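The lines below spell out each chain.
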Amino acid sequence: MTQIDLSPQEKKVADKVVILSKELIILVLVFAISLFSFFFIAYRVFYLDKTGADEKAFAFAHSLVSNSMTDIMEGITFFGSHYFLIPANVLLCIYFLIKKRSRYSIKVSAIAISSVSIMFGLKLLFNRHRPLIPLLAPAQGLSFPSGHAFMSVCFYGLLMIIIWKEEKAHPMLKWTLLLLVIALLLCIGFSRIYLRVHYFTDVLAGYSIGSTWLFLSSYMIDRIKPAGLKKSPVTRTDPEA
């Protein structure tokens, strides 16, 4: 087989194509699995009326109930509420604007606003009521999918994408941050079950459809090239997000 010699510039381009191809494959797989998971959960809950997993999850959470654990769960669930996520999204947008990373500011605000609309639309579509016996005060609104899980995946998942892209020079720090964010996401979901304001399947559905929308919207935004955000020779030291 004849070996083709590439110039350094051509090798860089080839390496970028390989990286982009791998990222696209991962993106498609995550998107497909997440979307399938959401429809599978909805099918089991609303068509087959299978709620055994919800009952088992409530039973497990009930075995852990104590005053101290309840205080911890209330604190954790706050980080998935709109009381925290709205100012967090605003501050993150401001931070990236100050750092002149316009692409990230657009991505954060676009995903945050669109995900709220999708979440409320899905809740109205499925019209599932909350668990009847909350541990503390009853939560307002409908149950499926979990808004805490949905919005947390969109916000913290986007943070994970940014960390993955921006911390390539510090692999130890990158993986530590990623693991911490994943742990927080899982704890937020469990807190909703522990407090009995969401079913287990609500939380799984929230994670699934949140991941679906996060990766789809992130990919679409990355493909958009507004004239005002194009790279120029003056700003090459500050690469686009």
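Criteria and thresholds
- Residues numbered from 1 in each chain as written.
- Predicted model: local features only at pLDDT ≥ 70, side-chain atom pairs only at ≥ 80, totals over all residues.
- Heavy atoms only, no water.
- Helix = DSSP H or I, 4+ residues; strand = E, 2+ residues; numbered from the N terminus.
- Buried < 20%, exposed > 50% of the residue type's maximum accessible area, 1.4 Å probe, protein only.
- Contact = heavy atoms within 4.5 Å.
- Areas by Shrake-Rupley, 256 points an atom, 1.4 Å probe, with all protein chains shown as cover.
- Patch = residues over 30% accessible without salt bridge, like charges linked within 9 Å, V, L, I, M, F, W, Y side chains within 5 Å.
- Salt bridge = Lys/Arg side-chain N within 4 Å of Asp/Glu carboxyl O.
- Expected span 1.5 Å × (residues − 1).
- 1 Å grid on protein atoms, 1.4 Å probe; cavity = no way out; pocket = protein on both sides within 12 Å on 5 of 7 lines; lining within 4 Å.
- Points joined across faces, edges and corners; volume = space filled by probe spheres on them.
- Nonpolar A, V, L, I, M, F, W, Y, C, P; charged D, E, K, R; others polar.
- Phe/Tyr/Trp six-rings, centres within 6.5 Å; stacked < 30°, edge-to-face > 60°.
- Polar contact = N/O pair within 3.5 Å; in protein donor to acceptor, adjacent residues only side chain to side chain.

A. Quick look at the overall build of the protein. Scanning the protein from terminus to terminus reveals eight helices and zero strands. When its helices and strands are written in sequence order, the protein yields α-α-α-α-α-α-α-α. Put simply, the protein has 241 residues, and 39% of those count as buried. Partitioning the intrachain contacts of the protein with sequence separation of at least 6 by distance along the chain shows that 77% fall at a separation of at least 24. Carbon and sulfur atoms provide 71% of the accessible area of the protein, an area that totals close to 14,900 Å².

B. View of a nonpolar patch on the surface. Nonpolar side chains collect at one region of the surface, where Leu24, Val28, Leu216, Tyr219 and Met220 lie side by side and expose about 390 Å² of accessible area between them. Contributions of two or more residues to the nonpolar patch are made by α1 (8-47) and α8 (200-223). Ranked by the residues each element gives to the nonpolar patch, the list is headed by α8, at three residues. For Tyr219, the location among the structural elements is in helix α8.

C. Focus on helix α7 (residues 171-194). Compared with an ideal rise of 1.5 Å per residue, which puts 24 residues at 34 Å, α7 spans 34 Å between its outermost C-alpha atoms and is within 8% of the ideal. Those residues of α7 lying buried are Lys174, Leu178, Val181, Leu185, Ile188, Gly189, Ser191, Arg192, Ile193 and Tyr194. Residues of α7 that are buried sit in contact with α2 (52-62), α3 (67-78), α6 (147-166) and α8. At the exit of α7 stands Arg196, carrying a positive phi of roughly 55 degrees.

D. Structural detail: empty space enclosed by the protein. Counted according to the given criterion, the structure contains one cavity of 30 Å³ or more. Reported here for the largest cavity is a volume of approximately 60 Å³. If you go around the largest cavity, the residues you meet are Asn89, Val108, Ile111, Ala112, Ser115, Met151, Cys154, Phe155 and Leu158. Those elements giving two or more residues to the lining of the largest cavity turn out to be α5 (102-126) and α6. In terms of residue class, the lining of the largest cavity is built from seven nonpolar, two polar and no charged.

E. A look at the packing of aromatic side chains. For the structure on display, the rule yields 18 aromatic pairs. Look at Phe38 and Phe126: their rings are 5.8 Å apart centre to centre, the planes differ by 80 degrees, and that puts the pair in the edge-to-face class. One end of the pair, Phe38, is in helix α1; the other, Phe126, is in helix α5, and 88 residues separate them in sequence. Taking relative accessible area as the criterion, Phe38 reaches 2% and is therefore assigned buried. Taken together, a centroid distance of 5.0 Å and an interplanar angle of 45 degrees make the contact between Phe96 and Tyr104 tilted.

F. Up close: the environment of Arg103. With respect to the helices, strands and loops of the structure, Arg103 is situated in helix α5. C-alpha separation for the pair Arg103 and Asp222, spaced 119 residues apart in sequence, amounts to 8.2 Å. Reaching out from Arg103, the side chain makes a polar contact with the backbone oxygen of Ile221 at a distance of 3.0 Å.

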